[in-house]
Amino acid sequence: MSKKLVLLDGHSLANRAFYALPRLTAASGQVTNAVYGFLTMLLRLIEEEKPAMVAAAFDRPTPTFRHVEFDQYKATRTGSPDDFKSQIPIIKAALNSLKIPIFEVDGYEADDVLGTIARKAEGEGIDTLLVTGDRDALQLVSDHVTVLLTRKGISEVARYDPDGVREALGITPSQVVDYKALVGDVSDNIPGVRGIGEKTALKMIREYGSVETLLQNLGDLKDSRARAALESGVESAGLSKRLATIVTDAPVDVRFEECCLKAPDMDGVESLFQELDFKNLARRVRDSFSRAGYRPEGDICAAGGAAAGPGAAGGSPTTSGNAAQRTTGEESILIQAAREFTTVTTAGELQSAVAKITGGDVIGMTFVVGDGGPGGGPATSPLVALLVTAPAVSFYARLARGGTLDGVIDGAVDAGEAIAVMARALEDPGIRKVAHAVKPALVALKQAGVNVRGLEFDTAIAAYLLDPTRSSYKVPDLSREHLGINIPGPEKGKPPSPEHLAACTAATVSLASKMGGLLEQNDLARLFREIEMPLVGVLADMEVAGVGVDPGMVERMSKEFSSKIDGVLTEIYAIAGCEFNVNSTKQLGEVLFERLNLPRARKTKTGYSTDAEVLEELARRHEIAAKVLEYRQLQKLKGTYLDGILDLIDRKTCRVHTTFQQTVTATGRLSSAEPNLQNIPIRMELGRMIRRIFVPKEGHVLLAGDYSQIELRILAHISSDPTMIDSFLRDEDIHRRTASEVFGVPIDQVMPEMRSRAKAVNFGIVYGISDFGLSQNLGISRAEAKAYIDSYFARYPGVKSYMENVVAAARDKGYVTTMFSRRRYLPDISSPNRNLRMFAERTAINTPIQGTAADIIKLAMVNIASTMKRRGLASRMILQVHDELVFEVPGSELDAMTDLVKKSMEDVVRLSVPLKVDLKSGPNWYDMKAI
C-alpha cells in the first residue's frame, strides 16, 4: 500500500460543494448541500486514492498575520451566507466521527496549515495529495506534493505535479508567488503592481526567475511602460509577494500516526447521518473505508507499512480524533500518577496529606486560579483548585471561598483553611518546588499572606527560553514534544479534571528534569537561574502592589479629550466643506480623493484605502490628512487609555493591577496587559499627559529611574567602535556627536535639525534601517538617506563590522544571542525570499542589542527587589516600562531609594561605556522633576 497522505482544504471544498449542489435540507430544516458534497468528495478520494493517512485543515475566524500587515487583505469579499456557515460545524462533526483529524491555528489560514503539514510530510518521506479549490496551493507542488484542484463544482478536478504546473503556466511552482506579486489577486484583494498584466508578468518571471531579480535589473527592461510601473510599484510587489506566500513553518503540531485512516465511529456516523437524512451514505462509508484497505485488527498505516513519526515542535492546533497511545516507562509513571492521587475534601484530610511532604523533597504543584471578577484583576483572582505531587503523596483539593464559589459546593475545602494548612510547606525553602506558569498562583497566595519559597523551576519559563517565538507553552504540548507522552486535553468549555491536572503535574516534574539539561546544553542555565526565575516573584509582587489611579482625573481628562475630538472634527468639516462620517473609510476616501482631488491611493471594491500609511503621505500635501490622523490618535488615547482603564480600576483601592507577561516577546522584553501600561504613547504631549492619572498613595511619591540611551551604549560596547565609545566616556550628547561626524561640522556648530536627523540615524541603525526606511522617516530622498548612512558607517566602522559579523554568524548558527546568552532563532536568515531574509537580517542586528537591554533591566529589577527586602524598606516597585522602572516611595525613604535605584541600575553590569540612569520624582507619573 502506498505511503500517501491526503490533505483536505476544508473551507475551500465545503464552499465548492455549497455552490455546486442544489439546496438540500434535512427534515429539521438544516441546509445540508455543503456537508453532502464534502462527504461524497471525501469518500471518492478514499476509494480512488486509497491513502494511508487523511487530515483536514480549516480557517479560524480570527485575523491572520496578513490582515495585520495589510488591513485591506480580503476586504473585498462579502461574508459567507448563514446557510453555508451553519454547515461547517456539521462537517467537522462528521470528520470527528470518521476519526479524521482537523488542524487549525489562530493567526494563520488553512493554506498555511496545509503547506506546513505537506512540507513536514515531505521530510518524513510521505507523499501528499493536497485537495483544494484554491490555485494558490500550486506554489506547494513538488516531487512529493501533488495538488488536486477542484475546478467546476466538485466533479471536475485537475491534478498538478511540477510538470503539470510548468505545462499550465509556463513557470515553476516556486514562481507562482512571484507571478501573483506582479498581477495581484482580486479574490484576496492582493494589489500586485498596477499596470502589469498577466502576459507581461509571465514573460518577465520566465526571463528573470523571481520578482527580486527582476527589480534588481529594471534598467535592462526595454518595455518602458512596464519599467515605469515596476519602479513605482516596488513596495506593492514586495507586499503582494508576502501576502501571497503560503507559510510552511506555521506552529502546527502534527503527528502523522494520528492521521492514519482508522475504523470510523459507526455509531456516531449513523446517528449524525440519520439527523441529516443521508439515508445511504453510512453504508458507503463502510464500503469506502474497506476498499481503501482498512482492516479491523489494525490501522491502515500499520497494515500498509506507512511510517508515521511525530512532527516538529510547534503550537497548539485544534486536533480531533484519537491520539495514538504508547506505553513508555515515562508514560507509565504519568499514568500511575494520574490514577493514584487522593482527593481531599476537608482541611483535616489536607493536613494529613501535607504532613507527608518532607524537607528535601521535590514537589510538583499545579494551581487553578479563578476569575477576580469585574474591576478586580489578577491580584484579586482566587485559587479554586490545587494538585500537589510529592514522592510520598499526590493529592487534589477543590477550593471554595467561604465554602462556596457559586453556591454550596460539596467536597470543597475552604480556600482560607487550605492555604493556611499549605503555608508551612509552601514557605519552606528546603522543599524544592516545580510548577508551570506559576505567577498567577503566587499572586493569589501573596494576597492570602503566603510567600512561596523554594520555587526552583517553572517549566513555562524554561520552554520560553528554549524557543522564544512560540505562541503558547502548554503542558500537554511540551509533554508530547519533550517526553513523547500524550496528555488528553480537558473537555472544551469545562474546567480541567483532577485526572488531567494530575497528569500535567507529573509531567511538569519530568519536564523540569529534561529541560534543565537542555538549558545547560544551550548555555541558558545562568539566564534562567539568575534572572528569569527570580523575576517571577518580583513580578508577582508588582502585580499585587498595583498602580494608583486618580479616577476623578481620568474622568476629567476623558471629557477634555472629547472636547478636543469635537474641535478637530469641526476643523475637518470646515476644510472638507461638508460633514461626513470620518470613521467611514468609504466616505473619507470620497472626500479626500474625489471632493478634494488629492493624489489617489490604493482603491478596492469598497473604496479608497485611508490607512495610516496613506494619510501620513497625504499629510505632507494637505492639512486635512494631518487632522484626520490627529482625530484618530485622540480617539485611541481616549478610548484605550482613559475610558478603557476606568473599567479596570479596583474600586476599593483605586489601583489597577496589570499583568506582566514574561513569555510573550521574542526579544526578552516584558509586556503587560489589562491594562497595557507599556504602550501609552509618549512621543506626543497629549499621550504623555495621560501619565498624570497614575498617582502614589497618600504620604508617598513616585520615583522613576530611566536608562539613558541604553541601546546605543550596548551597541558601542558590542561593536567596540572607538569613536562611539569615546563619546560616551566623555559623556557627550551622542546625537550631537554623530551629527558632527556625519555632517562634517564642529560639534558646537551642529544645528537642531542636524541633531534630529543624526538621532534618527543612530536609532535606525540599531534596528537595521534601510535607506528607504530612513527616507520615509525623515521625509527625504533615498539618495540623501543613503548618503547619511554611508557617512555614518565611514565615521563608525566598528558598527558596520558588527552588523556584517552578526548577520554572518546568524547565517552560520541559525540564531543570535544577547550578552547573557538569550537566544533568538532566525529560520529565515538564509531564505530565498528576499523580504523574509532581510527582515531576519535586521532582527539579527537588533536582537543582541534590544535583548541585552531587556536582560539588564530585568537583572536590575531582581537586584533592587532583593535589596529592598533585605533592608526592610516600605517602598514598592510598581512598574517596568521599556527602559524605565517606577517605584512608590514613602517620603522618608526617598533619599535612600534614590541612591539604591541609581547605583543598582548603573552598576548591574560592567560595559566598556558607563550605564547612565536619569532619576525623577513627583506626585504623579507626569509631573516629575529630575533628581
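Further up the page is the structure itself.
Procedures and definitions
Residues numbered from 1 in each chain as written. Predicted model: local features only at pLDDT ≥ 70, side-chain atom pairs only at ≥ 80, totals over all residues. Heavy atoms only, no water. Buried < 20%, exposed > 50% of the residue type's maximum accessible area, 1.4 Å probe, protein only. Helix = DSSP H or I, 4+ residues; strand = E, 2+ residues; numbered from the N terminus. Pairing = 2+ DSSP bridges. Core = buried A, V, L, I, M, F, W, Y, C linked by side-chain atoms within 4.5 Å. Contact = heavy atoms within 4.5 Å. Axes fitted to C-alpha atoms, helices over the stretch in contact; angles between N-to-C directions.

Student: Lay out helix α21 (residues 475–483) in plain terms, naming residues and giving numbers.
Tutor: Since the α-helix turns once every 3.6 residues, residues separated by three or four places project in the same direction. Across the nine residues that make up α21, a large majority, seven, are buried. Those residues of α21 lying buried are Val475, Pro476, Asp477, Leu478, Ser479, Arg480 and Leu483. Backbone geometry just downstream of α21 places Gly484 in the positive-phi region, at approximately 70 degrees.

Student: Got a sec to walk through the pairing of strand β2 (residues 53–57)? Specific residues and values, please.
Tutor: Burial analysis of β2 places five of its five residues in the buried class, which makes it a mostly covered element. Of the two faces of β2, the one lined by Met53, Ala55 and Ala57 and the one lined by Val54 and Ala56 are each fully buried. Pairing analysis gives five bridges linking strand β1 (residues 4–9) to β2, with the strands arranged parallel. In the strand pairing of β2, Asp9 is matched with Ala57.

Student: Lay out the nonpolar core in plain terms, naming residues and giving numbers.
Tutor: In terms of nonpolar packing, the biggest core is built from 186 residues, with Phe395, Ile693, Phe694, Tyr707, Tyr792 and Phe887 touching the most fellow members. Sort the elements by how many residues they give to this core and helix α36 (residues 834–871) lands first, with 14 residues. Aside from chain neighbours lying at most four places away, what touches Ile693 is Gly548, Val549, Asp550, Met553, Val554, Met557, Tyr641, Leu642 and Ile645. Counting 55 residues, the second-largest nonpolar core is a separate cluster that includes Ala57, Ala110, Ile205 and Ala250.

Student: Break down the sheet that holds strand β24 (residues 884–890) for me, citing the residues and quoting the values.
Tutor: By way of backbone hydrogen bonds, the strands of a sheet pair with one another, either parallel or antiparallel. Here we have five strands laid out as an open sheet, ordered β23-β24-β20-β25-β26, and antiparallel in their pairing. Each of the sheet's edge strands pairs with one partner strand only, and the pair in question is β23 (876–881) and β26 (929–930). Alignment of strand β20 (residues 700–707) against β24, held across seven bridges, turns out to be antiparallel. By the bridge assignment, Asp706 is partnered in β24 with Glu884. Docked against the sheet, α36 engages β20, β23 and β24, running at close to 175 degrees with respect to β23. Here helix α37 (residues 894–906) sits on the sheet and contacts β20, β24 and β25 (917–922); the angle it forms with β20, its principal contact strand, is near 15 degrees.

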